[in-house]
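Observations on the three-dimensional arrangement
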Amino acid sequence: MAVPFLDIRIQDEQTRSQIVSVLTELVQKTNFIGGPEVEGFTKEFGDYCGGRCVTVANGTDALILALRALGIGAGDEVITVPFTFIATAEAISNVGATARFVDIDPKTYNIDVSKLAAAINPKTKAIMPVHLFGQVADMDPILKIAREKNLKVIEDACQAHGGEYRGKRAGSFGDAACFSFYPTKNLGGLGDGGAIIVQSPELGAKIAQLADHGRLDRYRHAVEGVNSRLDAFQAAGLRVKLRQLPARNERRRKIADAYNKGLSGLSFVTTPTVPSHIVPVWHLYSVESPHRDALMEHLKAKGIGCGVYYPIPLHLQPAYARLGLKQGAFPVSERASERILALPMFPEMTDAQVDEVIAAVKSFPPPR
Ligand SMILES: *Cc1c(COP(=O)(O)O)cnc(C)c1O
């Protein structure tokens, strides 16, 4: 039996028909931009995360608009990690600022807070931790340093919808937190979508204004902004799917538990570490292996989907050659990129499929 890495089909008949019926209604009303579905989703997602929500066109825009609204631009530095999707750093460059990388913790793959202080200089304006793979970064020390040094905190929560840290949800920690509703995310839309969660109503209003051409009213503009909207179709689909997010995240945790148990004690793979104060949402489930490439070939030959997130840390990407960072600059990120392997993880996976993946990993003959 082949097991796909990911299957985003909506397999539940009832959910599918709910989505189709609300989309049909929007078509009949020609309600494509704004309206009650967008307003409803915005309110509901804000309540879910524990803040005020501004919806935008995608997760990358969410990061860019949060940075811009916080006044970060040319000459400023923003601290983030090199072990993430490029959008995190792209957003920083897009507002004219520079990404200052800090290496990750080898166990959680999130920013190593012990290396944070050394990266701060007079140009530093913000810290942008990434909640990678659905585990919230170590927010208490990050917030403490940010308070002491008067820095903004922007969570890249694009992989952590519903993830918890000391009983609070991703999105409720920073000045702003950014989410993506790209179809493969834990809360995925029917296309692109994004949101920013803020605690301050003033900041929320500023982001909303920037996302809507800097409008004061229809044809008066306070500043130049952009067009970045979550459309009504996306909002309608996301509203239906948000109701199922808690159960879907719970199913991901069940699958991760089964993997952790089934793969424990193997000499050639290390299962993920989750600190006890974190409730992860397993956007991805990644193991580490010194024989990663051979293991990947072995799994693929058995029809098991798997993937590498991320094979090249950002500081070694051609896109960041201008930063002049060489191999060895962030050894923990580099080592992770050589050893990490993501196994199939999606809520619709059956127990039999999970067992199949475990059996396939166990049957790997580790090279000597
Ligand atoms: C998906 C993702 C983004 C960008 O989201 P888009 O909606 O695709 O623009 C940013 N950061 C991280 C860590 C992501 O996983």
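Described in the following lines is the structure provided in the data block.

Scoring rules and cut-offs
- Residues numbered from 1 in each chain as written.
- Predicted model: local features only at pLDDT ≥ 70, side-chain atom pairs only at ≥ 80, totals over all residues.
- Heavy atoms only, no water.
- Core = buried A, V, L, I, M, F, W, Y, C linked by side-chain atoms within 4.5 Å.
- Buried < 20%, exposed > 50% of the residue type's maximum accessible area, 1.4 Å probe, protein only.
- Domains from an automatic or database assignment.
- Contact = heavy atoms within 4.5 Å.
- Axes fitted to C-alpha atoms, helices over the stretch in contact; angles between N-to-C directions.
- Helix = DSSP H or I, 4+ residues; strand = E, 2+ residues; numbered from the N terminus.
- Parallel < 35°, antiparallel > 145°, perpendicular 65-115°, else oblique.
- Left-handed = near helix turned anticlockwise from the far one by under 90°.
- Nonpolar A, V, L, I, M, F, W, Y, C, P; charged D, E, K, R; others polar.
- Expected span 1.5 Å × (residues − 1).
- Phe/Tyr/Trp six-rings, centres within 6.5 Å; stacked < 30°, edge-to-face > 60°.
- Lys NZ or Arg CZ within 6 Å of the ring centre and 35° of its normal.
- 1 Å grid on protein atoms, 1.4 Å probe; cavity = no way out; pocket = protein on both sides within 12 Å on 5 of 7 lines; lining within 4 Å.
- Points joined across faces, edges and corners; volume = space filled by probe spheres on them.
- Near = heavy atom within 4 Å.
- Polar contact = N/O pair within 3.5 Å; in protein donor to acceptor, adjacent residues only side chain to side chain.
- Areas by Shrake-Rupley, 256 points an atom, 1.4 Å probe, with all protein chains shown as cover.
- Sits in = over half its atoms within 2 Å of the grid points.

1. Points about the nonpolar core
- Within the largest apolar cluster, 88 residues are counted, with the highest numbers of intra-cluster contacts made by F45, Y259 and L263.
- For this core, the two domains that each supply at least three residues are domain 1 (8-239) and domain 2 (245-362).
- Discounting chain neighbours no more than four positions away, the residues touching Y259 are T271, Y285, L343, P344, M349, V354, V357 and I358.

2. Notes on the packing of helix α3 (residues 59-69) against helix α6 (residues 201-211)
- One can describe the packing of α3 onto α6 by two numbers: an axis separation of 9 Å at closest approach and a directional angle of 120 degrees. It follows from the interaxial angle that α3 and α6 lie oblique. The crossing of α3 and α6 is right-handed. Across from L65, A66, R68 and A69 in α3, the residues of α6 making contact are L203, K206, I207, L210 and A211.
- Tallied by class, the residues present in the contact of α3 with α6 amount to seven nonpolar, no polar and two charged.

3. Side note on the environment of A208
- By secondary structure assignment, the location of A208 is in helix α6.
- A relative accessible area of 34% means that A208 is categorised as partly exposed.

4. Observations regarding helix α2 (residues 36-49)
- Over its 14 residues, α2 runs 20 Å from end to end, which matches the ideal 20 Å to within 8%, given 1.5 Å per residue.
- Along α2, the residues classified as buried are E37, V38, G40, F41, T42, F45, G46, Y48 and C49.
- On its buried face, α2 is in contact with α1 (13-28), β1 (52-56), β7 (168-169), β8 (176-180), β9 (194-198) and α7 (232-262).
- G50 occupies a position one or two residues after α2 and carries a positive phi of about 90 degrees.

5. Thoughts on the packing of aromatic side chains
- With the rule as written, the count across this model stands at 18 aromatic pairs.
- Taking 5.6 Å as the distance between ring centres and 90 degrees as the angle between the ring planes, the aromatic pair formed by Y165 and F173 counts as edge-to-face. For the residue pair Y165 and F173, the accessibility class agrees, reading buried in each case.
- Each residue in the set F5, F83, Y109, F133, Y309 and Y310 is aromatic and connected to the rest through ring pairs, giving one cluster.
- For the cation-ring pair, R169 lies above Y48, with the distance from its terminal atom to the ring centre recorded as 3.9 Å.

6. Some points on empty space enclosed by the protein
- Evaluated as defined, the whole model comprises one cavity of 30 Å³ or more.
- Counted as a void, the largest cavity has a volume near 60 Å³.
- Taken together, K107, T108, Y109, L132, F133, Q135, P272, T273, W282, L284 and S286 make up the full set of residues lining the largest cavity.
- Looking at side-chain class alone, the lining of the largest cavity contains six nonpolar, four polar and one charged residues.
- Two domains each donate at least three residues to the lining of the largest cavity, and these are domain 1 (8-239) and domain 2 (245-362).

7. Considering the site of the ligand
- As a matter of local geometry, the ligand sits amid 13 residues, with G59, T60, D156, S180 and K185 nearest to it.
- Within the contact set of the ligand, an oxygen atom lies 2.5 Å away from a side-chain nitrogen or oxygen of T60.
- Separating an oxygen atom of the ligand from a side-chain N or O atom of K185 is a distance of 2.6 Å.
- The fraction of the free accessible surface of the ligand (380 Å²) that becomes covered by protein chains is 92%.
- Of the pockets mapped on this structure, the ligand occupies the largest pocket.
- Elements with a contribution of two residues or more to the shell around the ligand: α3 and α4 (87-94).
- Residue classes in the shell around the ligand are distributed as four nonpolar, seven polar and two charged.

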